[in-house]
Structure formats: structure tokens, C-alpha cells
Amino acid sequence: MAEYKRSTLIADAPSGYCPGCLHSLATRLVSDVIEELGQGDNSLNVISVGCSALNILYWNGDFLSVAHGRAPAAATGIKRTNPERLVFAYQGDGDLAAIGLAEIMSAANRGENFTVIFANNQTYGMTGGQMAPTTLIGQKTTTTIYGRDPATTGYPMKMCELISTLEAPVYVARFALNSPKGVNDARKGIKKAFQLQMQGKGFTFVELLTNCPTNWHMTPLQTLDYMNTNTIPYFKPGVYKDTEVDEA
Amino acid sequence: MGEKRFMKGNEAIAEAAVRGGCRFFAGYPITPQNEIPEYFSWRLPEVGGAYVQGESEIASVNMVYGAAAMGTRAMTSSSGPGISLKAEGISYLAAAALPAVIVNISRGGPGLGSIQPAQSDYLQATKALGHGGFHAMVFAPNSAQEAVDVLYDAWDYAERDRNPVLVLMDGCLGNIMEEVELPPMKELKDEDLPEWSLTRRNGRDWQGNITPIYTELILEGINAAAGDMYKDWEENDVKVEEFMLEDAEYVVVAYGIASRVAKEAILNLREKGFKVGMIRPITLFPFPKKSIKNLDYGKVKGVIDIEMTIPAQMRDDITLQVMERCPVYEYGRSGGCLLDDEGVYEAIYEIVSGGE
């Protein structure tokens, strides 16, 4: 049996995330994998804007906090000048798929050798639950009070599908954190992404489907069910690109 | 001594930056500064540095933000419209206390404006380079040689202050070719990387973090410390050229390309017996307040602000120091129209020959 203990990369303090928020779990998975790979001191967390920015309070490893949407650009500057570091950006859906769309697509297209962890909970959590680029059709938010209408707001952006059309990325995968199997798969996916980066293979992208009990106006358990019936059918988990497998 | 070369201003800027230790550049094409990224794209790999063509000015300045956080001497360049896009990142550099160098080879504005040279970004450079009320030191060299000297030492200021440095030139200075004497390459060692930087090459073994966001009391303290820093600059870092001021009855204030045209006009007017001198700010921020404030107003009958932009943008800074002790006049061209010898001569002549 593995011993269950606190990750040394996460501060010994109460989480600032809302009860039932899967951000805590996502952060935990990332820190566990980094420790397992013995990269604690070598890792560098590029912290984005949104609820993800709460990592400023909890992340015990080296970090650089950056402007909204710009994490892949800042990570480019870091990795190009310090290629030996294990660099990852941790971004939410508003940060990555709206204001930072140019930065994520361009970094992926350049094949920058770092990892992006993308927490997709279909809302702007930190600012109070506005419509995100990933908000589902019909999903109610503070800026779509009758539900997202594609006639005026378009459709939820599928980032794994978009990024996997590019030549350069070596690993693109999506996992849902609302089940033990999803969590275990996600852990393996994050590990694979970091290992590929350590081997200098190129750009790796791991999307984690998460929740927002507060802004979805649900109990934590209800959000997990909602993810099964609504989120997962639209944002299908799976490995969208894995060039290492293709070559084998 | 140094190595002499005949270079375009833009290329001289890039070479001097490399010799000053710059090892990362990210930028986005915009006229009239394209020779800067073009030069870096092949030059940086030669010295073990990295060049990235960003997908936008916004991305480019944020790449610089990342590189600067690692202690790497990093730079970006652009022209007016692109500097507006970089405003976000420059503000974040100031907030996160990161040294970096930004070069603006300015053109006509506002908006897309024109691609011809202009000095229309003075207010942006000196008053509000981004949101949140911060300043950067602003250098305004008036020749390729002075640009070399400024760029060579720019990171020394940026790292001393942990603050971005802006170099403001114009499309004319960026594109004319002049002889320059290049200084030797600064040899920077890994162990000398700043102790606060997030690199581990400097031997740091403790957790490092850099952030542009603070709780309110800490931020108030940071704002106040920045205010003190700006006062220190005013005391210690002003650079100014004072030209023929001893007996001057009229004093031209001009920087950059305008100062070169004005100097010609002043020499011609001197031949005709008119006592005209010039104050040339080399740092626009800190502004050479004392040079203007301490003029002998028993003798000086007028101060003439000459800029390649209309309306003049430096005039308020001059007026604050003149304190109504004599009239302040202005003359300029704008929109990408160049100041020329006759126009500047006539403008000054009209004022000094008794006309108002």
C-alpha cells in the first residue's frame, strides 16, 4: 500500500478553493507526479489568472505568476533560456481558451518543450461565474442567465481537438476528474506529459475536466453527476495525440 | 579601442544589446524597427542566446517577462502601435520587479498612424507606459553611437532598480546609417545571475517565486518605494546635454532627432549673432528639470520646445520648470513629416528676431 501523505509542493495550510472544487485535486495530481519524478526542486509552475492563481498561496515550489492568458508566452521565455527546468503552465478555460487563445495555439505550434495543464470547468470561477468559451450550450451563467445560446455566443471550444490538429505537439489528452478511474488516468497522463518534456520531445497538453459547485449552483456531488450527463458527452476524454505511440 | 563599424541605428541597437549581455529577444514585425528583430534572429544564436518571433507584441513582451524572471538579460522592441500592445506586459514587469529593456522606434500616431518617423510617443513613454501608475527610466539617444552607449548599459540600470527601461527613438534614427564604435562583449557568468531570479544556475537552493499581484498593504508599500526610487533617479540619473547656454537669450529644448536639426539651426543663428542655446534631455524620465529651472531668467527671454510631433508633448514638463519667468514657444512637424533645417531655422528666427 502506498503511504498517503501531504505533497511537499503544497503548503501545509487550508485550501482556499471552495468545498468540493476539483482544482485542489488537479493541483494535487500535478504535485504528486512531480515528486514521483524527483523534479520538485527543478520544477517551475507558471501560474495563470483565475482560480488557478490561488496556487500563489499554496504552491511550495518555484513559481512565476503571470498575466491573464499569457502563461504559454512566459513559459516560452523561461524554457528557451533555461531548458533544463521542468516547466509547466496551469491554466483555466477563460485564461487559455479566450484571452490566451493566441498564446496557447502559437506555443503549441512552435512545439515549445513545456507542459500545459488545462483545468476546464466551463466558467470564470474567480470573477463570479460568467460565460466561458467552454460553457456548455444551455448552461446558465451570470452573463447567460437563460442558458448559453449558440446563436449569439457560438459553441464551446474543444481545445484538445484544436491543438491535436497541429503538427508539433507530441501529447494531447483529456481526462475527467469526477471518477476514481478518471483521476487515475489523469495521473498517468500528467506523468507521461512530464516525462516527454524531460526527454525533450516537445509540447504536451493535458486537459482536466473539473467542476465549480459555487458557480454551477450545485452541491459537489451534483456537479460530478452533471459532468457525467453533460460535460463528458461533449468534451470526450481520451488521448487525442501521442506521437510516441504512433511511431512505435 | 573599440571596434568601428558603419551601421544602421536599428542594427547598432541590437549589436550593442548583445554586447551588453542581452541573451533573449522576442518581438513582432512592425515598421520602422524591423532590423532589430532581424538582427537578433541570427545574432543571438551565435552567442548562445535565444530569439523568438512572437505571435503578437503581447506575447513577445510576456516572453521577455518569463526570460527576465530567470535573470536573463531580455529585450523586446516595437513602434508606437506595438508599444500600446506591450503596455500590459510592461506594467507587469514593473509590478513583478523584473528588469528588461524595451525599445520604441516611434512613428506617426495615433492609431496605425503612419510608418514615417515621429516623436509622438513622449507622453506614453514618460507618463503612462501602462496602467497602474508606474514609471520606467526613459532614454532618448540622438545618434547611433549614443544608442549603442545607452543599450550597452541599459540592463545595469534595469537590474539595479529591478524595473524595465525604455529606450525611445524614432524611425529616422533607427534607419540612418552612421559610424559607431562598439564596446567589448560583457562576459556574464551563471553564478552572477541575480539572487532573486528563478534560475537555479546561480546556486539558489530555496523556493523562488515572483508575482505581479499583492495584498493591499504590501502593494501600498511597493508603490511608496517606487515613488522614492523615482526621486532618486531625479537626483542621480538625469542625463542632459547643455549646448551654448552661457550667454543664451533663447533656449531650445529638444531631444532625439529634433535636437540634431535644432543644433544645426542654432549654429546658423549664432553666425548671425543671435544668442541661442539648447538643452537636450537624454533621459526623458527622469526629466532634466534643474537644467530648465536654473536658467538665468534675467538673461533668457524665451524657451522654445521643438519636437517632431504636433501638438508638442514635452511642453508641460518645460512650462512647469520655467514657472512663467519667460514665454514658452513650440514648433514642430508631425504625422511622419520630418523637421528640416530651413523650417526649424525660420521658426527660431521668427521668435528671436523680435517677432512673437
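Residues numbered from 1 in each chain as written. Chains lettered and ligands numbered in written order. Predicted model: local features only at pLDDT ≥ 70, side-chain atom pairs only at ≥ 80, totals over all residues.

**Some words on the overall build of chain B**
Next, step 1: The helix and strand tally for chain B stands at 12 helices and 15 strands.
Next, step 2: Along the three orthogonal principal directions, the C-alpha set of chain B runs to about 70 × 50 × 40 Å.
Next, step 3: Sorting the 356 residues of chain B into buried and exposed places 52% on the buried side.
Next, step 4: A sequence separation of at least 24 residues applies to 78% of the contacts in chain B between residues at least 6 apart. (Helix = DSSP H or I, 4+ residues; strand = E, 2+ residues; numbered from the N terminus. Buried ≥ 20, exposed ≤ 12 C-beta atoms within 10 Å, placed from the backbone. Contact = placed C-beta atoms within 7 Å.)

**Some points on the sheet that holds strand β4 (residues 74-78) of chain B**
All names here are of chain B.
Next, step 1: What the seven strands build is an open sheet, ordered β3-β2-β4-β5-β7-β6-β13; its pairing is mixed. Unpaired on one side and paired on the other, β3 (50-53) and β13 (283-285) mark the two borders of the sheet. When strand polarity is set aside, the average angle formed by the axes of neighbouring strands in this sheet is 20°.
Next, step 2: When β4 meets strand β5 (residues 100-106), the two strands line up parallel, connected through four bridges. Across the sheet, Ser77 pairs through a bridge with Val103, a residue of β5. (Pairing = 2+ DSSP bridges. Axes fitted to C-alpha atoms, helices over the stretch in contact; angles between N-to-C directions.)

**A short note on helix α11 (residues 315-322) of chain B**
Structural remark: α-helix, 3.6 residues per turn; residues separated by three or four positions point the same way.
All names here are of chain B.
Next, step 1: Those residues of α11 not exposed but buried are Asp317, Ile318, Gln321 and Val322. Buried residues of α11 fall within an arc of 135° about the axis and therefore sit on the same side. Turned more than 90 degrees away from the buried face of α11, the exposed residues are Asp316 and Leu320.
Next, step 2: As for α11, its buried residues are in contact with β11 (250-253), α10 (289-293), β14 (302-307) and β15 (328-332). (Arc of directions from axis to C-beta.)

**Focus: the packing of helix α9 (residues 256-271) of chain B against helix α12 (residues 341-352) of chain B**
Relative orientation and spacing of two packed helices are given, respectively, by the angle between their axes and the distance between those axes.
Residue and element names in this part refer to chain B.
Next, step 1: Two elements in contact, α9 and α12, have axes separated by 9 Å at closest approach and are oriented at 55°. One element, α9, and the other, α12, form an angle in the oblique class. The chirality of how α9 crosses α12 is right-handed. Counted together, Val261, Ala262, Glu264, Ala265, Asn268 and Leu269 of α9 and Asp341, Val344, Tyr345, Ile348, Tyr349 and Val352 of α12 form the full contact between these two elements. (Parallel < 35°, antiparallel > 145°, perpendicular 65-115°, else oblique. Left-handed = near helix turned anticlockwise from the far one by under 90°.)

**Focus: the sheet that holds β15 of chain B**
Residue and element names in this part refer to chain B.
Next, step 1: As summarised here, the arrangement of the five strands in space is β10-β12-β11-β14-β15, forming an open sheet in which the pairing is mixed. Among the strands making up the open sheet, the edge pair consists of β10 (240-243) and β15. Going across the sheet, the axis of each strand differs from the next one's by a mean of 20°, ignoring polarity.
Next, step 2: As judged from the four bridges shared by β11 and strand β12 (residues 276-281), these two strands associate in the parallel manner.

**Here's the deal with the environment of Pro156 of chain A**
Residues and elements named next belong to chain A.
Next, step 1: Secondary-structure assignment places Pro156 in the loop between α6 (150-153) and α7 (159-163).
Next, step 2: For Pro156, a count of 23 C-beta atoms within 10 Å gives the class buried.
Next, step 3: For the pair Pro156 and Met126, spaced 30 residues apart in sequence, the C-alpha separation works out to 19 Å.
Next, step 4: Apart from residues no more than four positions distant in its own chain, Pro156 is found in contact with Pro133, Thr134, Thr135, Leu136 and Tyr234.

**Topic: the confidence of the model for chain B**
Residues and elements named next belong to chain B.
Next, step 1: Confidence in the prediction of chain B, expressed as mean pLDDT, is 97, and 99% of residues score 70 or more.
Next, step 2: When mean pLDDT is taken per element in chain B, strand β6 (residues 137-139) scores highest with 99 and strand β9 (residues 209-210) scores lowest with 96.
Next, step 3: On the interface metric, ipTM, the complex scores 0.96, and its pTM is 0.97. (pLDDT = per-residue confidence, 0-100.)

**Examining the nonpolar core**
Next, step 1: Grouped together as the largest cluster of nonpolar side chains are 171 residues, with contacts concentrated most on Val46 and Leu64 of chain A together with Val64, Val101, Val167 and Val252 of chain B.
Next, step 2: Viewed by domain, this core spans two of them, domain 1 (3-236) and domain 2 (240-352) of chain B, each represented by three or more residues.
Next, step 3: When neighbours within four sequence positions are excluded, Val167 of chain B is seen to be in contact with Val101, Val103, Phe139, Val150, Leu151 and Ala154 of chain B. (Core = buried A, V, L, I, M, F, W, Y, C linked by C-beta atoms within 7 Å. Domains from an automatic or database assignment.)

**Concerning the packing of helix α3 (residues 71-81) of chain A against helix α3 (residues 57-69) of chain B**
Next, step 1: In contact at an axis separation of 6 Å, α3 of chain A and α3 of chain B are set at 45° when each is read in the N-to-C sense. As far as their axial angle goes, α3 of chain B and α3 of chain A are oblique. In terms of crossing hand, the pair formed by α3 of chain A and α3 of chain B is right-handed. Note on element contacts: α3 of chain B touches α3 of chain A through Ala59, Asn62, Met63, Val64, Tyr65, Gly66, Ala67 and Ala69 of chain B, opposite Ala73, Ala74, Ala75, Thr76, Gly77, Ile78, Arg80 and Thr81 of chain A.
Next, step 2: When its residues are assigned to classes, the contact of α3 of chain A with α3 of chain B shows 10 nonpolar, five polar and one charged. (Nonpolar A, V, L, I, M, F, W, Y, C, P; charged D, E, K, R; others polar.)

**A closer look at the environment of Ile257 of chain B**
Residues and elements named next belong to chain B.
Next, step 1: Within the element layout of this structure, Ile257 appears in helix α9.
Next, step 2: Given 26 C-beta atoms within 10 Å, Ile257 falls into the buried group.
Next, step 3: The sequence separation of Ile257 and Lys293 amounts to 36 residues, and the corresponding C-alpha distance is 24 Å.
Next, step 4: Those residues in contact with Ile257, other than ones at most four positions away along the chain, are Pro117, Asn142, Asp170, Cys172, Leu173 and Met308.

**Considering unusual backbone geometry**
Next, step 1: Note the cis peptide between Thr31 of chain B and Pro32 of chain B, where omega equals 10°.
Next, step 2: Inspection of the secondary structure assignment puts Pro32 of chain B in the loop between β2 (24-27) and α2 (35-46).
Next, step 3: In this structure, Pro311 of chain B follows Ile310 of chain B across a cis peptide bond, with omega equal to -5°.
Next, step 4: Tracing the sequence through the fold places Pro311 of chain B in the loop between β14 and α11.
Next, step 5: Residue His217 of chain A is not a glycine yet carries a positive backbone phi of 55°.
Next, step 6: Position of His217 of chain A among the secondary structure elements: in the loop between α9 (213-216) and α10 (220-234).
Next, step 7: Of the residues examined, His217 of chain A has 11 C-beta atoms within 10 Å and is grouped as exposed.

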